[in-house]
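The residues making up each chain are set out below.
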Amino acid sequence: MAAPSAAMRKKLQRKFRLRGFTLKVDALEEAAAFLARFPDAEDEALDLLLDELDKEPLKSSILDRDAVRRVVSLLVEAEEAVDAASPSATSVQSALRVVDSFVVPRFQYDPIKKVFYEHTGRLALHGEAGDKAALYRDRYQVLLQRLARDKYFSKPAFESVMTENDSCEITSIQSLVGCTGRRWIMGVISQLEERQFYLEDLTGAVPIDLANAKITSGFFVENTVIVAEGELLSNGIFQVNTCGFPPLEDRATSLSLLMGLDFFGGGVIPTEEALRLSSLENKSVNDMFVILSDVWLDSYETMEKLGVVLDGYESVEVVPSLFVLMGNFCSRPCNLAFNSFEELRLQFGKLGEMIASRTRLKEHSRFLFIPGPDDAGPSKALPRCALPKYLIEELQKHIPNAIFVSNPCRVKFYTQEIVFFRQDLLYRMRRSCLIPPTTEETSDPFEHLVATITHQSHLCPLPLTVQPIIWNYDHCLRLYPTPDMIVLADKSEQKAFKYTGITCFNPGSFANDSTFAAYRPCTKEVELSALES
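Throughout what follows, the structure given in this document is the object of discussion. Keep in mind the model is a prediction, meaning the values are calculated, not measured.

Looking now at the layout of surface pockets. Its boundaries defined by the atoms lining it, the largest pocket holds a volume of some 1400 Å³. If you trace the largest pocket, you find 48 residues lining it, with Glu 44, Arg 251, Ala 252, Leu 255 and Thr 415 closest to the centre. Elements represented by at least two residues in the lining of the largest pocket include exactly helix H3 (42-55), helix H7 (251-257), helix H8 (271-283), strand E16 (409-413) and strand E17 (416-422). A per-element tally of the lining of the largest pocket places H8 first, with five residues. Its residues assigned to classes, the lining of the largest pocket comprises 20 nonpolar, twelve polar and 16 charged. Computed from the structure, the second largest pocket encloses a volume of approximately 600 Å³. Along the walls of the second largest pocket sit 27 residues, with Tyr 109, Lys 114, Leu 144, Gln 145 and Ala 148 positioned nearest its centre. Contributions of two or more residues to the lining of the second largest pocket are made by strand E5 (115-118) and helix H6 (129-147). Broken down by element, the residue count for the lining of the second largest pocket peaks at five residues, all from H6. Considering only residue class, the lining of the second largest pocket consists of 16 nonpolar, six polar and five charged.

Here helix H9 (residues 300-314) is 15 residues long and its end C-alpha atoms lie 21 Å apart, about the 21 Å a rise of 1.5 Å per residue gives. Of all the residues in H9, the buried ones are Thr 302, Met 303, Lys 305, Leu 306, Gly 307, Val 309, Leu 310, Tyr 313 and Glu 314. Of the surrounding secondary structure, the elements contacted by the buried residues of H9 are strand E12 (289-293), strand E13 (322-326), helix H10 (341-356), helix H11 (359-364), helix H15 (510-513) and strand E21 (515-520).

The next subject is the packing of aromatic side chains. Considering all chains together, one arrives at 22 aromatic pairs under this definition. Ring plane angle 10° and centroid distance 4.5 Å describe the contact between Phe 107 and Phe 263, whose orientation is recorded as stacked. Taken as a pair, Phe 107 in strand E4 (residues 107-110) and Phe 263 in the loop between H7 and H8 lie far apart in primary sequence, 156 residues in all. Neither Phe 107 nor Phe 263 differs from the other in exposure class; each is buried. With a centroid separation of 4.8 Å and an interplanar angle of 70°, the aromatic rings of Phe 413 and Tyr 414 are classed as edge-to-face. A residue is classified by how much of its surface remains accessible, and Phe 413, at 0% relative accessible area, is buried. Aromatic rings pair up to connect Phe 107, Tyr 109, Phe 116, Phe 263 and Tyr 480 into one cluster. One Lys or Arg, Arg 410, reaches over the ring of Phe 264 and ends 5.4 Å from the middle of that ring.

So, how was this worked out
- Note on numbering: residues in each chain are counted from 1, in written sequence order.
- Local features in a predicted model are, by the rule used here, given only for residues with pLDDT of at least 70; side-chain atom pairs are given and counted only at 80 or more, and totals for whole chains, interfaces and linings are based on all residues.
- Values shown for side chains rest on all heavy atoms present in the structure; no hydrogens or waters enter the calculation.
- Both site types are read off a 1 Å grid over the protein atoms alone. A 1.4 Å probe that fits but cannot get out defines a cavity, while an open set with protein on both sides within 12 Å along at least five of seven lines defines a pocket; lining residues have an atom within 4 Å of a point.
- Grid points are joined across faces, edges and corners, and a volume is the space filled by probe spheres set on the points.
- Here a helix means four or more residues in a row that DSSP labels H or I, a strand means two or more in a row labelled E, and each is numbered from the N terminus.
- For this classification, Asp, Glu, Lys and Arg are treated as charged, while Ala, Val, Leu, Ile, Met, Phe, Trp, Tyr, Cys and Pro are nonpolar and the rest, including Gly, are polar.
- The span you would expect from a helix comes to 1.5 Å times its residue count less one.
- Burial classification: accessible surface area is computed with a 1.4 Å probe over protein chains only, and a residue below 20% of its type maximum counts as buried, one above 50% as exposed, and the rest as partly exposed.
- Contacts: residue pairs with any heavy atoms within 4.5 Å of one another.
- Between rings of Phe, Tyr and Trp, where Trp is taken as its six-membered ring, a pair exists when centres lie within 6.5 Å; planes separated by under 30 degrees are stacked, by over 60 edge-to-face, and by other angles tilted.
- Criterion for a charge above a ring: Lys NZ or Arg CZ within 6 Å of the ring centre, and within 35 degrees of the ring normal.

Following this line, the structure appears as C-alpha cells:
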C-alpha cells in the first residue's frame, strides 16, 4: 500500500477532526487507500466514509485501522455488488431520467427567513393577476438572494474595511431619494411609460438613462434584471455609468446551500447513491447522445438525410444511448390555417418505421421527442406541452418506448443535469435588445446569449409581449442551480461554448443546413457534425 501524500494526510486529518475524530497512522492509511478507489470523486467518497463512521457504535473518538477497515469493507462490498449486477441495472434506461416541465417542483424564496419553500397544491394554467406579479417577484428574489452572497456586493462587517467608493452594497430604489454620490442598485428593466425605461425593485421604480452606460457581455432587453452603478440626478433620473447582470454562483455552492431541495425535478440523490452514480458515469465511456433539431417529416430531402444519419450510427460498434429529435416536425407552422394533421400523423408513422428498420437502434437506443415553436399544441406560450397523442400514435406502434415530453425539458443522466430547449431565441434577443452588445469580450451573438440566460438564471428572459409564458409555470424555465449542460436548439448557425463550467451548444437546423450534434456525457465533449452536401 503506497503511503499517502502530505496533502492527502493533511486533508484527511482536517476532515476527520471536523467530525470529532482523531486518526491513528494505520487508520489514516486505510482511509487514504479507500479514497484512491475514487480518483474522480474523492470528496464524495470521504463524506460517505465519515457519514458511515458516524453511524457506527464506536467506543472512542480515536480511530484505529480496524474501525476504519470495518466501514470501508461494507462500502466496498456495496460497490462490488452494484458492478456485478446485471447489465440492465446500469443501462441507459436506469441511468436516464426525463423530467417534463409540468412536473418540475416550484420553490419560492422567503426573504425574512432566508429559505426556499416548496409550493404545495395544484398550479392553475390560467393564472390570476397576482400570479403575473409573482412571476417577476420570484425571478427577482432568486437573483437577489444569490447576489447577497457575492463578496463584492455584501455589506462589509466593519465600516473601516471599505470606503464608500469601494463598497458595492446594493441600495434599494426607495432609499435613493435624498442620496447623493455613486450608488449601486439592482432591478428589472421595465418600460412603464412610452420610450422611457425604468429600473424596478420590490420597493419602487426609478427612470434610468442608459445612453452612456458601459455594459458587460449579454443582451440587455426589457425584463432582464441588472445591477447598475450610477447617480441620481436632480431631475429624478438615475444616470447609469456601468451596468451588468447579477454575478453567477458556482453550481456546487448553490447545491450546498439548498440543503437537499430538488429544484431540477429528477429527485434528491442521497450521498451514497451520488457516489455510486458518479463512479458509473466515469465508466460510461461509450454513452453518447445525438441531438437533431428541425426534423421536417414532410420534407423528402430531410427524411433522406435522417436515414443517412441513422444508417451511420446503426453501423458503429456501440450505438448511441439516446437520440433527441426536436421540432419543428413540419416545414409549415401548425396553426389554425394548417389542415394536414392526418398527413402529419402518417409521417410520424413513417418515421417510426424508419427507426424500427434499424434493429440495433431500436433495441439499444432511446428516442426523445421535443416539440418546436411552430408544432401542434394548445398555445405558443412556454412551457409547451408534449406533442398531441393523435399525432404520435402511429409512431408508438413501432417504437413503444419512445419518450414525448414538453419544451423545455430536463434530463438527468447519472449525476448530470441537462436542459433541452427548442426556441429561435437568438433572433428574438437581438431584435429586443435595448443597447447594442459590447464587443470588448466577444462579438459572437451566441456567447452573448449564453451569458444572458446563465446570469439571469432563466431560459427566456424576454418581455411577455415577445414570448408569452404561462405565469404559474415560469419556474420551469429557471436555470438555478445552474445545470451541467444546456442545449439551445435554434435555427441559427450551430455553435458550442463552455461558459463558467456550463456546456452550452446549438446543434443547428438539420432541415436547413444538415447540421446536428453529438454529446459524450463521460467527458462532457460536444461534437458538432454535418452531412456532406
